[in-house]
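Structure assessment
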Amino acid sequence: GGGAGAARGFTGRRDKKEGWQVPVKGYNLGAPYNYLTQGATLAHQPGLKHVYARLLIDALAPGGRDGLWRFCSMVCRSGGHTFLEFRTAANRGQPTFFGPHIRTFASVPVIEAEIARHGGTVVTKTVGRDLAPLDTENPIVCRLEVSWT
């Protein structure tokens, strides 16, 4: 299997081995009640919070990204950052390791504009190949670090 379940399993095993305590929780970014209530709960907890979203944008429909930006802006406003990695629009039509399935290839300027509309500022941006190769797939990837005001 793959996806979120495999990622949580890998993270949980590594955390246990290293003695870390990293909470992993699923959120429904398509359901405003879920991401707003969960985001508000996290935002009011003490401490710095970061959101790490590797290839999440690839899995979200463009309309679902609004929930991601709103959630991140709530959770990270206390000084935390959002770390994003996604395949860019330049990868459309290219072969992928996992074969054909529903995947969003987002335009970097569109993502940057969405983030700005929600109060985010891109702190660092890296775009290129060799950032996330997998077997024969070596997509053009964008990595963004975002702060929120």
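Refer to the structure presented above.
Residues numbered from 1 in each chain as written. Predicted model: local features only at pLDDT ≥ 70, side-chain atom pairs only at ≥ 80, totals over all residues. Heavy atoms only, no water.

What about the overall build of the protein?
To be explicit about the condition: Secondary structure elements follow DSSP: runs of H or I of four or more residues count as helices, runs of E of two or more count as strands, with numbering from the N terminus. Relative accessible area decides the class of each residue, using a 1.4 Å probe on protein chains only: under 20% of the type maximum gives buried, over 50% gives exposed, and in between gives partly exposed. Here, residues are in contact when the closest pair of their heavy atoms is within 4.5 Å.
Scanning the protein from terminus to terminus reveals 5 helices and 4 strands. Reading the protein from its N terminus to its C terminus gives the helix and strand order α-α-β-α-α-β-α-β-β. The buried share of the protein, taken over its 149 residues, is 36%. The long-range fraction of contacts in the protein, counting pairs at least 24 apart against all pairs at least 6 apart in sequence, stands at 67%.

Section: the sheet that holds strand E3 (residues 120–128)
Here is the rule we go by: Note on pairing: DSSP must find at least two bridges between two strands before they are called paired. For helices, the axis comes from a line fit to the C-alpha atoms of the stretch in contact; other axes are also lines fit to C-alpha atoms, and the angle between any two N-to-C directions lies between 0 and 180 degrees.
As summarised here, the arrangement of the 4 strands in space is E1-E2-E4-E3, forming an open sheet in which the pairing is mixed. Two strands lie at the open edges of the sheet, namely strand E1 (51–54) and E3, each paired on one side alone. Recorded for the sheet is a direction-independent mean angle of 10° between the axes of neighbouring strands. Across 4 bridges, E1 lies against strand E2 (residues 81–87) in parallel orientation. When the bridges of E2 are listed, Ala53 appears paired with Leu84. The sheet strands contacting helix H4 (residues 65–76) are E1, E2 and strand E4 (141–148), and the helix crosses E2 at an angle near 155°.

With respect to the packing of helix H2 (residues 32–43) against H4
What counts is decided by this rule: An angle counts as roughly parallel when it lies under 35 degrees, as roughly antiparallel when it exceeds 145, as roughly perpendicular when it falls between 65 and 115, and as oblique in every other case. Note: crossing handedness is left-handed where the near helix turns anticlockwise from the far helix by less than a right angle, and right-handed where it turns clockwise. By the convention adopted, Pro, Cys, Tyr, Trp, Phe, Met, Ile, Leu, Val and Ala count as nonpolar, Lys, Arg, Asp and Glu as charged, and the other residues, Gly among them, as polar.
Contact geometry of H2 with H4 gives a least axis separation of 8 Å together with a crossing angle of 20°. Judged by the angle between their axes, H2 and H4 are roughly parallel. Note on packing geometry: the crossing formed by H2 with H4 is right-handed. Residue-level inspection shows Tyr35, Leu36, Gln38, Gly39, Ala40, Leu42 and Ala43 of H2 in contact with H4, the latter providing Asp66, Gly67, Arg70, Phe71, Met74 and Val75. In the contact of H2 with H4, the residues fall into 8 nonpolar, 3 polar and 2 charged.

Some points on the environment of Gly63
Relative to the helices and strands, Gly63 is located in the loop between helix H3 (56–59) and H4. Judged by relative accessible area, Gly63 falls into the exposed class, the value being 66%. Placed 33 residues apart in sequence, Gly63 and Gly30 show a C-alpha to C-alpha distance of 8.2 Å.

Here we look at a nonpolar patch on the surface
Put simply, the rule is: Patches draw on residues past 30% relative accessible area with no salt bridge. Two like charges within 9 Å are joined, as are two nonpolar side chains (Val, Leu, Ile, Met, Phe, Trp, Tyr) within 5 Å. We get accessible surface area from the Shrake-Rupley algorithm with a probe of 1.4 Å; when it comes to residues, only the shown protein chains can shield them. We define a salt bridge as a side-chain nitrogen of Lys or Arg found within 4 Å of a carboxyl oxygen belonging to Asp or Glu.
Together, Trp20, Val22 and Val24 make up a nonpolar patch on the protein surface, roughly 270 Å² of accessible area in all. Looking at where Trp20 falls in the secondary structure, it is placed in the loop between helix H1 (3–18) and H2. By relative accessible area, Trp20 is classed as partly exposed at 41%.

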